[in-house]
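Structural features, examined
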Amino acid sequence: MKAWLADLIYTGGAFESGLAMMVDEGVITGFSRSEEDLKNAQRLPGRMILPGLVNVHSHTFQRVIRGRTEHKTSAGRDTFWTWRQSMYHAANAMTAEEIYHAARMAFLEMLLSGITAVGEFHYVHQGLEIARAILRAGEELGLRVTLLRTAYVRAGWKKDPDPGQARFLTPDVERFLSDTDEMIASGARVGVAPHSVRAVPLDYLRRVADYARLRGLPLHMHVSEQPAEVEACIGEYGRRPVELLHDHEILGDRFTAVHAIHITDEETRFLGESTVCACPTSERNLGDGAVPADKLFEAGARICFGSDSNIQIDILEDARELEYHLRMNKLERAVLDTARLFESATESGARSLGSPGGSLEAGRAADFFTVDLNDCSIAGADHESLLGHVVFSLERTAVREVCVGGELVVQDGQHRLQDEIVREFGKVQRNLWR
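Read on for an overview of the structure. (Residues numbered from 1 in each chain as written. Predicted model: local features only at pLDDT ≥ 70, side-chain atom pairs only at ≥ 80, totals over all residues. Heavy atoms only, no water.)

**Description of the pattern of salt bridges**
Evaluated as defined, the whole model comprises 29 salt bridges. The shortest N-O distance in the salt bridge between Arg154 and Glu236 comes to 2.8 Å. With a gap of 82 residues between them, Arg154 in the loop between strand 8 (144-151) and helix 5 (173-185) and Glu236 in helix 7 (residues 227-237) connect regions that are remote in the sequence. Classification of Arg154 as buried rests on a relative accessible area of 17%. Here Arg302 and Asp253 are joined by a salt bridge, their closest N and O atoms 3.2 Å apart. Note that Arg302 is positioned in strand 13 (residues 302-305) and Asp253 in the loop between helix 8 (241-247) and strand 11 (255-259), a separation of 49 residues in sequence. Within this structure, Arg47, Arg400, Glu401 and Asp412 form a network of salt bridges that share partners. (Salt bridge = Lys/Arg side-chain N within 4 Å of Asp/Glu carboxyl O. Helix = DSSP H or I, 4+ residues; strand = E, 2+ residues; numbered from the N terminus. Buried < 20%, exposed > 50% of the residue type's maximum accessible area, 1.4 Å probe, protein only.)

**Brief notes about the environment of Ala41**
Within the secondary structure, Ala41 sits in the loop between helix 1 (35-40) and strand 5 (42-51). With 139 residues separating them along the chain, Ala41 and Thr180 place their C-alpha atoms 42 Å apart.

**Here's the deal with the packing of helix 3 (residues 96-112) against helix 4 (residues 129-141)**
How two helices sit against one another is set out by the angle between their axes and by the gap between those axes. Direction vectors running N to C along helix 3 and helix 4 enclose 35 degrees, while the axes themselves pass 9 Å from each other. Here helix 3 runs over helix 4; the crossing is right-handed. For the pair helix 3 and helix 4, the contacting residues are Ala96, Glu97, Ile99, Tyr100, Ala103, Arg104, Phe107, Leu108 and Leu111 in the first and Glu129, Ile130, Ala133, Ile134, Arg136, Ala137, Gly138, Glu140 and Leu141 in the second. In terms of residue class, the contact of helix 3 with helix 4 is built from 12 nonpolar, 1 polar and 5 charged. (Axes fitted to C-alpha atoms, helices over the stretch in contact; angles between N-to-C directions. Left-handed = near helix turned anticlockwise from the far one by under 90°. Contact = heavy atoms within 4.5 Å. Nonpolar A, V, L, I, M, F, W, Y, C, P; charged D, E, K, R; others polar.)

**Observations concerning the packing of helix 13 (residues 338-345) against helix 15 (residues 383-393)**
At their nearest, the axes of helix 13 and helix 15 sit 10 Å apart, and the two run at 55 degrees to each other. Taken together, the axes of helix 13 and helix 15 are oblique relative to one another. As helix 13 packs across helix 15, the resulting crossing turns out to be left-handed. On the side of helix 13, the interface is formed by Thr338, Ala339, Leu341 and Phe342, while helix 15 contributes Leu387, Gly388, Val390, Val391 and Phe392. The residue makeup of the contact of helix 13 with helix 15, split by class, is 7 nonpolar, 2 polar and no charged. (Parallel < 35°, antiparallel > 145°, perpendicular 65-115°, else oblique.)

**A short note on the state of the cysteines**
A complete count under the given rule lists 0 disulfides for this structure. Here Cys277 is not disulfide-linked; the sulfur of Cys279 is the nearest cysteine sulfur, at 4.1 Å. For Cys277, a relative accessible area of 0% gives the class buried. Free cysteine Cys304: the closest other cysteine sulfur is in Cys277, separated by 4.1 Å. (Disulfide = S-S within 2.5 Å.)

**Comments concerning the packing of aromatic side chains**
The description of an aromatic ring pair rests on the distance of the ring centres and on the angle between the ring planes. Throughout the structure, instances matching the rule amount to 10 aromatic pairs. Centre to centre, the rings of Phe61 and Tyr123 are 5.9 Å apart; their planes meet at 85 degrees, and the pair counts as edge-to-face. One end of the pair, Phe61, is in the loop between strand 6 (53-58) and helix 2 (80-93); the other, Tyr123, is in the loop between strand 7 (115-122) and helix 4, with 62 residues separating them in the sequence. A ring pair is formed by Phe176 and Tyr204, whose centres lie 6.4 Å apart and whose planes are at 55 degrees; its orientation type is tilted. Taken together, the positions of Phe176 in helix 5 and Tyr204 in helix 6 (residues 202-215) put the pair 28 residues apart, joining distant regions of the chain. The exposure class of Phe176 is buried, given its relative accessible area of 0%. One aromatic cluster is present, built from ring pairs that chain together Phe61, Tyr88, Tyr123, Tyr152 and Phe168. Taking the ring centre of Tyr100 as reference, the NZ or CZ of Arg136 above it sits at 4.0 Å. Over the ring of Phe297 we find Arg340, and its NZ or CZ is 4.1 Å from the ring centre. (Phe/Tyr/Trp six-rings, centres within 6.5 Å; stacked < 30°, edge-to-face > 60°. Lys NZ or Arg CZ within 6 Å of the ring centre and 35° of its normal.)

What follows is the structure, given as structure tokens:
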């Protein structure tokens, strides 16, 4: 049994003081104000405890292209589609060992920013070798990783095969499902992820969706990220992507639509029983557009967040950007409730991945991070404004400890493997871009 006592703890939707969090075998068993429990608790003075953030959508290998696409190319007009060429270079040039080092770098950044769980949308296949390397990276760092095994079949409707995607493809659905069975049997936390309607034909997609339903697995999918994807879906099926998924009963409680930017009001209603993963930092960087989060919330959908291309890893930054996109589009302020934004960054993300954390309550995993109450970014906050400070102003410098399953993996802002990870990642970068 362990007990943790900080100056403040966020539980039950409020900040509490003088409250020890009791943990046994990595699970929160309850909270106590008894003198004995307070006396024996591990004290964290000058800190507050918050539930660990959840990063629902990541491509860790893309960490290597950060900063390397921020220039004009010879294409004349740079878009998501021209950006993919640099992504393909990295995906095809990296060895399994190099992807492992890239994953460690991305996972380190996640932990240092208060993220305790991640969904890795994994589509660079080499048998199961790369998947296992990514899971090993997460285990070494102490981060919870849900491997979202991604099915990728083709370049798109009426498109010739793209050599840049050769490493992504699993044309045989039986092979994809048997490989997924093997990963599950190994003890890995797994979900399935048909890449998109452009990359996965309908019959294959339905097989994967049925497989997920029968096994109770998370089902994730890129949906309506770009207008060209919508146009191709209409051309092939006579339906927009969300319409198609609705017609074939693929949407639902376990389904997470990643992006869902270019959707109609009717499609918004169709997503009302599902989750939408917004990736505002990446969506801005790629010129995708903004997620209509206000309409999705009104329809009943849940929102969570992902770092996607890992151009920046900061889930609270994604939360505030989601709100700021709406403010610019609607020319008004305070569109979304602050507590709802924080819930999206924690509880909704955990639900999307089927992860045991997400909130600090009895029976949930002891996944949390601490914040230095004297950090410049939130100095002067009181109880009434503190959550607003966290969501809209907190800098990563304020994150001091990170605990996953009751074990501290970051202490005083440092991970024990930090120097080695940065050093090895530097070698990967020099080799890849020389």
